[in-house]
Amino acid sequence: MSSESAKEDCLAWAARDPSGVLSPYKFSRRSIRVDDISLRITHCGVCYADVVWTRNKHHDSKYPLVPGHEIVGIVQEVGPNVSHVKPGDHVGVGTYVNSCRDCDSCNDRDEVNCAKGSVFTFNGVDSDGTITKGGYSSYIVVHQRYCYRIPDGYPLECAAPLLCAGVTVYNPMIRHKMNEPGKSLGVIGLGGLGHMAVKFGKAFGLNVTIFSTSESKKEEALSVLGADRFVVSSDGEQMKALSKSLDFIIDTASGDHPFDPYMSILKTGGVLVLVGFPSEVKFSPASLILGTRTVAGSVTGGTRVTQEMLEFCAEHKIYPKTEVIPIQYVNEALERLIKRDVKYRFVIDIANSLK
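Notes on the structure in this doc start here.

Conventions adopted
- Think of each chain on its own: its residues are numbered from 1, step by step along the sequence as written.
- Two thresholds apply to this predicted model, a pLDDT of at least 70 for residue-level local features and 80 or more for giving and counting side-chain atom pairs, whereas whole-chain, interface and lining totals are computed over all residues.
- Hydrogens and waters are ignored; side-chain quantities use all the structure's heavy atoms.
- The pairing criterion is simple: DSSP has to find at least two bridges between the two strands.
- A helix here means a DSSP run of H or I that spans at least four residues, while a strand means a run of E at least two residues long, and both kinds are numbered starting from the N terminus.
- To obtain an axis, a line is fitted to C-alpha atoms, over the contacting stretch when the element is a helix, and the angle between two such axes runs from 0 to 180 degrees between their N-to-C directions.
- Every residue pair with non-hydrogen atoms within 4.5 Å of one another is taken to be in contact.
- Note on definitions: the grid is 1 Å and covers protein atoms alone; a cavity is a set of points where a 1.4 Å probe fits but cannot get out; a pocket is an open set with protein on both sides within 12 Å along at least five of seven lines; lining residues have an atom within 4 Å of a point.
- Grid points are joined across faces, edges and corners, and a volume is the space filled by probe spheres set on the points.
- Residues are grouped as follows: nonpolar covers Ala, Val, Leu, Ile, Met, Phe, Trp, Tyr, Cys and Pro; charged covers Asp, Glu, Lys and Arg; every other residue, Gly included, is treated as polar.
- We call a residue buried when its accessible area falls under 20% of the maximum for its residue type, exposed when it is over 50%, and partly exposed in between, using a 1.4 Å probe and counting protein chains only.

## Remarks on the sheet that holds strand 10 (residues 184-188)
Here we have six strands laid out as an open sheet, ordered 12-11-10-13-14-15, and parallel in their pairing. Among the strands making up the open sheet, the edge pair consists of strand 12 (229-232) and strand 15 (294-297). Strand-to-strand twist across the sheet, computed as the mean angle between neighbouring axes with direction ignored, equals 20°. As judged from the four bridges shared by strand 14 (residues 266-274) and strand 15, these two strands associate in the parallel manner. The partner of valine 273 across the bridge, within strand 15, is alanine 296. Against the sheet, helix 5 (residues 192-203) touches strand 10, strand 11 (207-212) and strand 13 (246-251), its axis set at about 170° to strand 10.

## Thoughts on empty space enclosed by the protein
Over the atoms rolls a probe the size of a water molecule, and in doing so it shows where empty space is left. Enumeration according to the criterion identifies one cavity of 30 Å³ or more in this entry. Of the pockets and cavities examined, the largest cavity occupies roughly 30 Å³. Lining the largest cavity are Gly94, Thr95, Tyr96, Tyr148, Leu163, Val167, Thr300, Gly301 and Thr306. A breakdown of the residues in the lining of the largest cavity according to their chemical character gives four nonpolar, five polar and no charged.

## Some words on the pairing of strand 3 (residues 36-45)
Within strand 3, nine of the ten residues are buried, which leaves the element mostly enclosed by the surrounding structure. Strand direction decides the pairing type here: strand 3 and strand 8 (residues 139-143), joined by five bridges, are antiparallel. Looking at strand 8, one finds that serine 38 is bridged to valine 141. Pairing of strand 3 with strand 4 (residues 71-78) involves seven bridges; the strand directions are antiparallel. Looking across to strand 4, one finds that cysteine 44 is bridged to isoleucine 71.

In structure tokens:
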């Protein structure tokens, strides 16, 4: 190992154990390779995945663990084979930083579904055996394939949540043709993912209905996010009144909830896409068979659709609603995220707080 690669010059905040408590940490990044980009991180979004892995919810956390996979920043250095970005450009890194680059999915620029498994941006095992460390840090080195151009003029603090929350809903919306004006979309859950689904739906010209367990979110859903209708999902009469009325539903809720009431709201041939992670999915076969309905799943997106989504957001002036915080507040932010006490995405101001 060279002295340069061994130098612990990357500042970060890391969890040391399953308590998930984060504190200052230093480590070394790899030296720049021919296809690499080194970027100084300015902002990093806070995703529920950060809670999951800092607290070892999947029993595979590798400590010290530096979370964060909604990363944006400024290019500092590029390898000799890099031509699409240059020092000073604004770029982003999402939920994965490597893949086999040889399977059907990778060849289709759908690397998130790599046959050999994509390498997660943090807590992943890279091809050289090192453990990946994420964006709660001062800089990152990544292969150019997994580094996205942030369109000129797009605010960096808004770009960060697009790299997970944004593409997680945009990708299935494109795949299932939810971009046809005049169609109707239901969005279950109004958090980081749900509010982006509403914004994309309106940009696509859809009639958007929000389903939430909380009446308190109604005014913001209609007046701020621009939804056409708000439904309290626990109100049986409101739900029945929508029978067979929607073309699509995007389910962003991770808490356990019944599926049959939502299936009954889909039209014949309607599609429900699950992007949340409830502990189980349970519905009557009749809900699927009668009405020729489809249930699908989706997770983030490949490099092609991610870049497309960034450009779409810039063109249509779609901006996530964020709460920008210093990194010193991140432990409180994670606790608030667990309680769903955020509208709608925390973004860490790395540049001005990580010293």
